[in-house]
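# Notes for the structure review
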Amino acid sequence: VVDTSKRIPEDFIQSLLSRIDIVEVINAVVPLRKAGSNYVACCPFHNEKTPSFSVNKNKQFYHCFGCGVSGDAIQFLIDHNSLSFVEAVELLAGQIGMQVPQSGRNEASVEHNLIYNILSEATVFFEQQLRQQTLAKQAVQYLQDRGLTGLTAKNFRIGFAPPGWSNLLDAIAKDPEKRTAGIKAGLFIKKDANKCYDRFRNRVVFPIRNRRGRVIGFGGRVIDNTVDEPKYLNSPETDVFNKSQELYGFYEARQTIQKLDAVIVVEGYMDVVSLAQAGITNAVATLGTACTEQHVTSLLKTATEITFCFDGDTAGKKAAWRSLELCLPLLDGKNVI
Ligand code: ZN
């Protein structure tokens, strides 16, 4: 294991911590109440009815008298948002416009940024297409037929990939560098040495976001059932998208429920979105893979109860049994239904 914390200079971290305010950082996710010289809340790390989680503005430090957790703003993001040290530093630095020194970032992370950036541009393009493109009518109809409101579509950043082979390509990837990033991001499929085309065509697209809220891939559903194409199409695994780790809807669920005690695991992104529309905002889905040990482990970091909810068909029953077998060794006082 590489200790990535060594790559970011200590003076940068000190300067970052001196410029941010831990009260604001925590208050953004766990609403704090002023009590004397401190700020308090019910602890996000253990179950309680009366607040024993306290944030000290002068010391820029939090401490829970109930479960004993403590630390600075970086530590809070690591524990609360399940981020790595570097991710937490980058998130905080980004919020106040500080640039994490290049020496603190390896080449891989520079390349990852190119991939994240093109995915982010694609997300905006698809969102615009759903709103503006006349051909999106059928896509809008599909979403409306499933009872989704515009707000739900907006919360999940649902978009539309128009029919055609190069809409996205022409819109966001004119230069070769972007084209390369787009191929690495799984947005374009390489045809030959200098030609590529859009992977997602004439589909409703669901951006898949990681725990930090960055788009790492897409799921696409055909809207014209008569075409000879797979009904669902996901981005391939890439440098930033590992299907055995990521769960669709996890970020969105955390936006609504700070303390994700109970999580429902469903089969597809449309299930997640429809449940959210119905007010059940704690559902997540695996992405075209069976539930893995990594999925369960990451869910159990925040949740004390996981409910698996699969279709009643043979495949669903099989998936349910496999998930059960997977969970049993990991339980340790948690509930799985
Ligand atoms: Zn606590």
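Report follows, based on the coordinates.

Here is what the cut-offs are and how they apply
Residues numbered from 1 in each chain as written. Predicted model: local features only at pLDDT ≥ 70, side-chain atom pairs only at ≥ 80, totals over all residues. Heavy atoms only, no water. Donors = N, O, S within 2.8 Å, 3.2 Å for Na, K, Ca; no water. Tetrahedral: all angles 85-135°; square planar, octahedral: opposite > 155°, others 65-115°. Buried < 20%, exposed > 50% of the residue type's maximum accessible area, 1.4 Å probe, protein only. Salt bridge = Lys/Arg side-chain N within 4 Å of Asp/Glu carboxyl O. Helix = DSSP H or I, 4+ residues; strand = E, 2+ residues; numbered from the N terminus. Arc of directions from axis to C-beta. Axes fitted to C-alpha atoms, helices over the stretch in contact; angles between N-to-C directions. Parallel < 35°, antiparallel > 145°, perpendicular 65-115°, else oblique. Left-handed = near helix turned anticlockwise from the far one by under 90°. Contact = heavy atoms within 4.5 Å. Nonpolar A, V, L, I, M, F, W, Y, C, P; charged D, E, K, R; others polar.

## Re the coordination of the zinc ion
Surrounding the zinc ion are the protein donor atoms Cys43 (SG), His46 (ND1), Cys64 (SG) and Cys67 (SG), which sit 2.0 to 2.3 Å from the metal. One can describe the donor arrangement at the zinc ion as tetrahedral, given that its four donor atoms subtend angles of 104 to 118 degrees at the metal. All donors of the zinc ion belong to a single chain; written as a sequence motif, their spacing is C-x2-H-x17-C-x2-C. The exposure class of Cys67 is partly exposed, given its relative accessible area of 35%.

## Section: the pattern of salt bridges
If you walk through the whole model with that rule in mind, you get eight salt bridges. Between Lys57 and Asp21 there is a salt bridge whose closest N-O contact spans 2.5 Å. Residue Lys57 is located in the loop between β3 (53-56) and β4 (61-64), and its partner Asp21 is located in the loop between α1 (10-19) and α2 (22-27); the two are separated by 36 residues in the primary sequence. Classification of Asp21 by relative accessible area gives buried; the value is 14%. With a closest N to O distance of 3.2 Å, Lys184 and Glu111 form a salt bridge. One end of the pair, Lys184, is in helix α9 (residues 176-184); the other, Glu111, is in helix α5 (residues 107-132), with 73 residues separating them in the sequence. The partly exposed category is assigned to Glu111, whose relative accessible area is 30%. If you follow the salt bridges from partner to partner, you end up with Arg201, Arg203 and Glu229 in one network.

## Remarks on helix α6 (residues 137-145)
Count 3.6 residues to each turn of an α-helix, and residues three or four apart come out pointing the same way. Listed in full, the buried residues belonging to α6 are Ala139, Tyr142 and Leu143. For α6, the buried positions fall inside an angular range of 95 degrees around the axis, keeping them on one side. Pointing more than 90 degrees away from the buried face of α6 are the exposed residues Lys137 and Asp145.

## Considering the packing of α1 against helix α4 (residues 85-95)
Following both chains from N to C, one finds α1 and α4 inclined at 50 degrees, their axes separated by 10 Å at the closest point. Between α1 and α4, the angle is such that the two are oblique. Taken as a pair, α1 and α4 cross one another with a handedness that is left-handed. Between α1, through Phe12, Ile13 and Leu16, and α4, the contact on the second element is made entirely by Phe85, Val89, Leu92 and Ala93. Counted by class, the contact of α1 with α4 contains seven nonpolar, no polar and no charged residues.

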